[in-house]
Amino acid sequence: MSLSSLLGTDLPLIQAPMAGVQDSALAIAVSRAGALGSLPAAMLTPQVLAKELAAIAAASERPYNVNFFCHTAPQAGDSAEAAWREALAPYYREFDIDPAGIAAGPGRRPFDADAVQLLERFRPRVVSFHFGLPEPALMQRLRSWGAILLSSATTVAEARWLQAQGVDAVIAQGLEAGGHRGHFLDQDLSLQMGTYALLPQIARAVRVPVIAAGGIADAAGVAAAMRLGAAGVQVGTAYLLCPESRTSAVHRAALASEAAAHTALTNLYTGRPARGIVTRLMRELGPINTVAPPFPLATSAVAPLRAAAEAQGLGDFSPLWAGQNVSGCREVGAEALTRELALGFSRE
């Protein structure tokens, strides 16, 4: 079965779910163009998620994807939080922020039974995961209405594990990809590979369809991925400047500047490695810093610095997520961009 048949779409193309920079509008536009639009749910409250799913259902009957994180929520530790705030203390003083007034806590929730119950009202065609998979009982509930299940693999071992757990397709996330790394079996970043090295190895190792993700920004990149054994592609960064995206003004400005040519993996904004444009915070504390609390606990202490800087038009403390290839970022409608990317399927 082709990936398009599996997903119920005209095109074997998935818009990457991008938490914090999109809502239902982007997913609707991409699905309208014949690809699979995605809604990131990890940062949404149940009330907001229900509202966004209702908007998608009202706009179209086309298939769409809802994406969740599968991390284990850590317990906040007072000493770790104190050390992190001490590292950020010079910046609090610079912006006249009282750290005592900053509430600690997670910024992203993992997939759970409550999420399944909410999804049952809408029954999305596709549900995808990052950082592994939820427990089998939750997966079985999703399958009860015929949901197609996807998850990201950053190594061959992860792809094989996902196949063994019964996923319908594997997303091969290359090192070039923007946003959070999807690794879950091993935290060693030296095991991470670029898309065009990882893709053919995973394609040979598993029987399920493999979706290429990372560094694909135009039709030529789509064609290259398909030639290397991909059943389809997932594209994220190229959509960040589309009018349907909710990318902030400072993020848009950074994407359109020379700064976008330099990205790095950083754990400063959430506690887990994610690729974004290098910022002042990353330069001064180092992109990977062991003082940052575990995911997602690092978020709350940085949030007021981000707000204060963005109020001045600065992205110095903002997670400016982006992949290594921003060449496809243009202020063009998501439907038009999707059709341009789709031209790559005829070149393979």
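Residues numbered from 1 in each chain as written. Predicted model: local features only at pLDDT ≥ 70, side-chain atom pairs only at ≥ 80, totals over all residues. Heavy atoms only, no water.

What about the pattern of salt bridges?
For the structure on display, the rule yields twelve salt bridges. Across the salt bridge formed by Glu-284 and Arg-280, the nearest N and O atoms sit 3.2 Å from each other. Highlighted residues: Glu-284 and Arg-280, both in helix H11 (residues 280-285), separated by four residues, approximately one helical turn. Arg-280 gets classed as buried once you look at its relative accessible area, which sits at 18%. Where Glu-340 meets Arg-330, a salt bridge forms, and the shortest distance between an N and an O atom there is 2.3 Å. Taken together, the residues span a long stretch of sequence, with Glu-340 in helix H13 (residues 334-342) and Arg-330 in the loop between helix H12 (299-311) and H13 at a distance of ten residues. Since its relative accessible area comes to 33%, Glu-340 is described here as partly exposed. The exposure class assigned to Arg-330 is partly exposed, which follows from its relative accessible area of 35%. Through salt bridges with shared partners, a single network forms among Arg-32, Glu-335 and Arg-339. (Salt bridge = Lys/Arg side-chain N within 4 Å of Asp/Glu carboxyl O. Helix = DSSP H or I, 4+ residues; strand = E, 2+ residues; numbered from the N terminus. Buried < 20%, exposed > 50% of the residue type's maximum accessible area, 1.4 Å probe, protein only.)

A few points about H12
In a regular helix each residue adds 1.5 Å, so 13 residues correspond to 18 Å; H12 covers 18 Å between its end C-alpha atoms and thus fits that length. For H12, the full list of buried residues reads Ser-300, Ala-301, Val-302, Leu-305, Ala-308 and Ala-309. Just past H12, the residue Gly-313 takes up positive phi, approximately 80°. (Expected span 1.5 Å × (residues − 1).)

A short note on the side chain of His-183
As for its placement among the helices and strands, His-183 is situated in the loop between strand E7 (179-180) and helix H8 (195-205). Other than its neighbours up to four places away in sequence, His-183 contacts Phe-131, Thr-154, Glu-158, Leu-189, Gln-192, Arg-272 and Pro-273. (Contact = heavy atoms within 4.5 Å.)

Brief notes about empty space enclosed by the protein
This model, assessed by the stated rule, comprises one cavity of 30 Å³ or more. Of the volumes computed, that of the largest cavity is approximately 550 Å³. Together, 36 residues line the largest cavity, and Ala-16, Pro-17, Met-18, Gly-178 and Gly-179 are the ones closest to its centre. Those elements that provide at least two residues to the lining of the largest cavity are strand E3 (64-69), strand E4 (126-130), strand E6 (169-173), E7 and strand E9 (232-235). If you tally residues by element for the lining of the largest cavity, the top one is E4, at three residues. (1 Å grid on protein atoms, 1.4 Å probe; cavity = no way out; pocket = protein on both sides within 12 Å on 5 of 7 lines; lining within 4 Å. Points joined across faces, edges and corners; volume = space filled by probe spheres on them.)

Some thoughts on the sheet that holds strand E10 (residues 263-266)
Through backbone hydrogen bonds, the strands of a sheet pair up, either in parallel or in antiparallel fashion. In space, the three strands of this open sheet follow the order E7-E11-E10, with antiparallel pairing throughout. With partners counted over all chains shown, the strands left at the sheet margins are E7 and E10, one partner each. Where E7 lies against strand E11 (residues 274-277), two bridges are found, and the strand directions are antiparallel. Within E11, the residue paired with His-180 across the bridge is Ala-274. (Pairing = 2+ DSSP bridges.)

Structural notes on H8
Those residues of H8 that fall on the buried side of the exposure criterion are Thr-195, Leu-198, Leu-199, Pro-200 and Ile-202. Along its buried surface, H8 packs onto strand E5 (148-153), helix H7 (156-164), E6, strand E8 (210-213) and helix H9 (219-227).

Quick look at the side chain of Gln-163
Following the sequence through the fold, Gln-163 ends up in helix H7. Judged by its relative accessible area of 15%, Gln-163 is buried. Setting aside its immediate chain neighbours within four residues, Gln-163 contacts Ala-205, Val-206, Arg-207 and Val-208.

A short note on the pairing of strand E2 (residues 37-40)
Residues Gly-37 and Leu-39 point to one face of E2 and Ser-38 and Pro-40 to the other, with burial holding for every one of them. Where E2 and E3 come together, four bridges link them in parallel fashion. Following the sheet pairing, Gly-37 is matched in E3 by Tyr-64.

A closer look at the pairing of E5
Each regular strand carries side chains that alternate between the two faces of the sheet. Burial runs high along E5: six of the six residues are buried. Every second residue of E5 is oriented toward a common face, with Ile-148, Leu-150 and Ser-152 on one face and Leu-149, Ser-151 and Ala-153 on the other, all of them buried. As judged from the four bridges shared by E4 and E5, these two strands associate in the parallel manner. Along E5, the bridge assignment pairs Val-127 with Leu-149. When E5 meets E6, the two strands line up parallel, connected through four bridges. For Leu-150, the partnering residue across the bridge sits in E6 and is Ala-169. Handedness of the crossover joining E5 and E6 through H7: right-handed. (Right-handed = clockwise from strand over helix to strand, strands pointing away.)

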